[in-house]
Each structure stands twice: as C-alpha cells, then as structure tokens.
Amino acid sequence: MNDATNLEQLSGQHDTTADADAGEKETTMKYAKGLANSALIGLTILAGTHSAAAAYPDRPVKIIVAYGAGSGADTVARILGDQLAVKLKQSIVIDNMPGAGGELGTVAAASAAPDGYTLLFAPTTLTVSPHMDVKPKYDATKDFAPIMRVATLPMLLVSGTKAPFSTWEGLLKEAEQHPDALNYATSGKGSPSHLEAAMLAKLKGIQIRDVPYRTGSQALTDVISGEVSFYFPVLPAAAQQVQKGRLNALAVGTRERSSVLPNVPTLAELLGKPDYEATVWYGLLAPAGTPSSIIKALAEATATVLSMPETRQKIVGSGSEVSPMDTAEFTAFIAAEDKKWGDLVRELNLQK
C-alpha cells in the first residue's frame, strides 16, 4: 500500500471520527437543552402553584352547614365566618343545607371540588351518622381533610325533681336496685343525648331504657313533669331550668366545672377519668384532596380568629366554649370519635 493510499485511509478515518464527535456533541447539547427546558417548565409550574396558594382565596368561600339556620352549628359557623372574612379579606358565605339528619349537606361537601372554596362546618354527628346506615353515604375519616376544631357545647345530665334521685350517685343506686326500670329522654336515636347516656351506662354497667323524642323541648318538659327519669341535653338548653329549681343538675360534661353552674361536678371527676368529656363539638373541614397549603392557610387564619377576644366572647355568649384543636390533633380526634361512636352504634344495633 503506497503512501497516498495510507494518507487517504487515514484521512477517511479522521473524517469519520470527527463526524462521530460532532454528532455526540450535538446530542449532548440537545440533551442539556432538554433538561434546561424541563427545569424551566418545572419552575414555571412551581411558581404557578405558589402564586395560586399565595393568592388564596381570590373569590368567596362557601361553608356548608348541614343543619338549619339558628342551630348550634349554624350559630358558631356564622360567628367564625364573619371573622374569617375579615382575616382572609374575602367573603364567607354560610350555606345551610339541612336534611336527612345532616347527611345531605355533609355529602354535598364531601363531593365538592377540593380547591378550598367549599368547606364544611360540622358537629359531632359527622362521626355518628355514617355508622347509622347499613350503606354509609360518606366516611368521616377518608372523605374530609380536617382543618381545626373550633368549639364545644357542654352537655348537662339532669333529672326532674320528681325523680327518686337528685345526684349522680343516686342515679347509679337507683339503676342497681331497679335494673332496666330506669328510663331517660333522648332527642332521637343516635343523637348526642342518646349516645352519651348509653356510653355512661356502658362504662358503669347499668341498664337504662331510652325514650326518644322529636324535639329537645318536648324531652325537657317530660323530665320536669316526671314522665321520664333523666335527660342529657346540651347545657344552655337546661341551665335556666336548673337555676329555677325545676331540674336537678347531676353532672356537667366538660373537663372543668362550668362557670354557669360552678357547684355541679364534672363527669371527669365522678368517673375518675380526667380526660372524659361529654360535649357536642364543632369543627371546620375541607373535602379530601384539598392542597395542604390551603389547609394550612385556613388553619392559621382560624387559629388567629379564635384567639381574638371578640370572637371568643361571641362564641361563649352563644353557649359554646372555644376549644381549638390544630389540624393534626383534630385529625386524630375525628379518627378516635369515629371509632368510639361506630363501635357503640353497632353494639346498640342502631343501624338501619
């Protein structure tokens, strides 16, 4: 092979290598450019998400209350909503959606878009109602993102002055001496007045018979007249009758004694369980899947509002007590409530 041929071959090999290097370089540049573009897109998305969260809320927020205007849940929701509107600088609309024992509004809230613009203000029954149905319409632990517990409404165990007892100890003694002869009024099957009394009976191992009423006022009337032995209503509904001497107050459901009836012992004292409570609670929730940034913003705004003297005075004035739980605490609380009431409903065979 002559030199010319060698040079030609070497030249060909050089050209091929150069082309390969150029191709590899071009591919690398395209790859780098692609990464840059991807990063830019990612940053744009993150910036957009951050801007959306920072701008929340940019339109009115609706809070569904699954009970009628004037109910306990409605009253506290409106107090909270008025203050949140100022804090968030946006309108808060309270949407009363009563029906089916609270299920109508609750299901509507659960199925709403998880964007922070439809919320639910719910009471204790949120964790009771699903267990009352053989085919539950929602799951309190899965269909909602808890934001914050707001307040509690104390319950008060009362007996009529014609009853054969006027104290907690007397009630227990009567139940032991006359098993299954003791009756008590309730505001309906599965209501707080029903389940809280049933829970006490379970804890003390006594037999009592429930007598359901359509309204709490009817139940109170029959307790006063002696038709039924005792009742477990919310404190504001019965406190005045106690103060007038028409009812005996046996125990209050709060952990600490009530300023309204300071001489009445708490169930926590009587049961020897410092953490025991018998209250109706109220809390703010969002549909499951709501962004954590929005949940955080709402929780922070709610906590700020609940720390304001004006808000606290209005809630206390309505008969409730400010008892906030942050998001993590409220989430764990709902899970515990759901299990407690679910177990009791099944034990009492209340499903329908």
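Note that the structure is a prediction, hence the values are computed from the model and not measured.

(A) How the structure looks around the nonpolar core. Phe121, Ile147, Leu157, Leu171, Phe230 and Leu267 are the most contacted members of the largest nonpolar core, which has 68 residues in total. With residues up to four places along the chain from it excluded, the contact list for Phe121 reads Ile63, Ile64, Val65, Ala73, Val76, Ala77, Leu80, Val150, Tyr282, Gly283 and Leu284. Val228, Leu235, Val242 and Leu261 belong to the second-largest nonpolar core, a separate cluster that totals 19 residues.

(B) Structural view of helix H5 (residues 168-177). Within H5, the full set of buried residues consists of Trp168, Gly170, Leu171, Leu172, Glu174 and Ala175. Residues of H5 that are buried sit in contact with strand E5 (156-160), strand E6 (182-186), helix H6 (192-204), strand E8 (230-231), strand E9 (247-252) and helix H9 (267-271).

(C) Structural detail: the sheet that holds strand E1 (residues 61-65). Spatial ordering of the open sheet is given by E2-E1-E3-E10-E4-E11, a layout of six strands whose pairing is mixed. Strands at the two margins of the open sheet, each flanked by one partner only, are strand E2 (92-96) and strand E11 (321-325). In this sheet, neighbouring strand axes are inclined to one another by 25° on average, regardless of whether the strands run parallel or antiparallel. Packing against the sheet, helix H2 (residues 72-88) makes contact with E1, E2, strand E3 (118-123), strand E4 (144-154) and strand E10 (279-287), and its axis sits at approximately 160° to E2. Where helix H10 (residues 292-306) meets the sheet, it contacts E3, E4, E10 and E11, and its direction lies at approximately 20° from that of E4.

(D) The pattern of salt bridges, seen in detail. Enumeration according to the criterion identifies 15 salt bridges in this entry. Linking Lys137 and Glu103 is a salt bridge whose minimum nitrogen-to-oxygen distance equals 3.3 Å. Here Lys137 is found in the loop between helix H4 (129-132) and E4, whereas its partner Glu103 is found in helix H3 (residues 103-110), with 34 residues between them in sequence. Residue Lys137 is classed as exposed on the basis of its relative accessible area, which comes to 51%.

(E) Local environment of the confidence of the model for the protein chain. Looking at the protein chain as a whole, the pLDDT averages 88, with 85% of positions reaching at least 70. Scored below 50 in pLDDT, residues 1-52 shows two contacts in the model against residues more than four places distant or in partner chains.

(F) Here's a closer look at H10. The end-to-end C-alpha distance of H10, which contains 15 residues, comes to 21 Å, matching closely the 21 Å that a straight helix rising 1.5 Å per residue would cover. If you check which residues of H10 are buried, you get Ile294, Ile295, Leu298, Ala299, Ala301, Thr302, Val305 and Leu306. Across the axial projection of H10, the buried residues extend over an arc of 165°, all falling on one side. Counted as exposed and oriented over 90 degrees from the buried face of H10: Ser292 and Lys296.

Thresholds applied
- Residues numbered from 1 in each chain as written.
- Predicted model: local features only at pLDDT ≥ 70, side-chain atom pairs only at ≥ 80, totals over all residues.
- Heavy atoms only, no water.
- Core = buried A, V, L, I, M, F, W, Y, C linked by side-chain atoms within 4.5 Å.
- Buried < 20%, exposed > 50% of the residue type's maximum accessible area, 1.4 Å probe, protein only.
- Contact = heavy atoms within 4.5 Å.
- Helix = DSSP H or I, 4+ residues; strand = E, 2+ residues; numbered from the N terminus.
- Pairing = 2+ DSSP bridges.
- Axes fitted to C-alpha atoms, helices over the stretch in contact; angles between N-to-C directions.
- Salt bridge = Lys/Arg side-chain N within 4 Å of Asp/Glu carboxyl O.
- pLDDT = per-residue confidence, 0-100.
- Expected span 1.5 Å × (residues − 1).
- Arc of directions from axis to C-beta.

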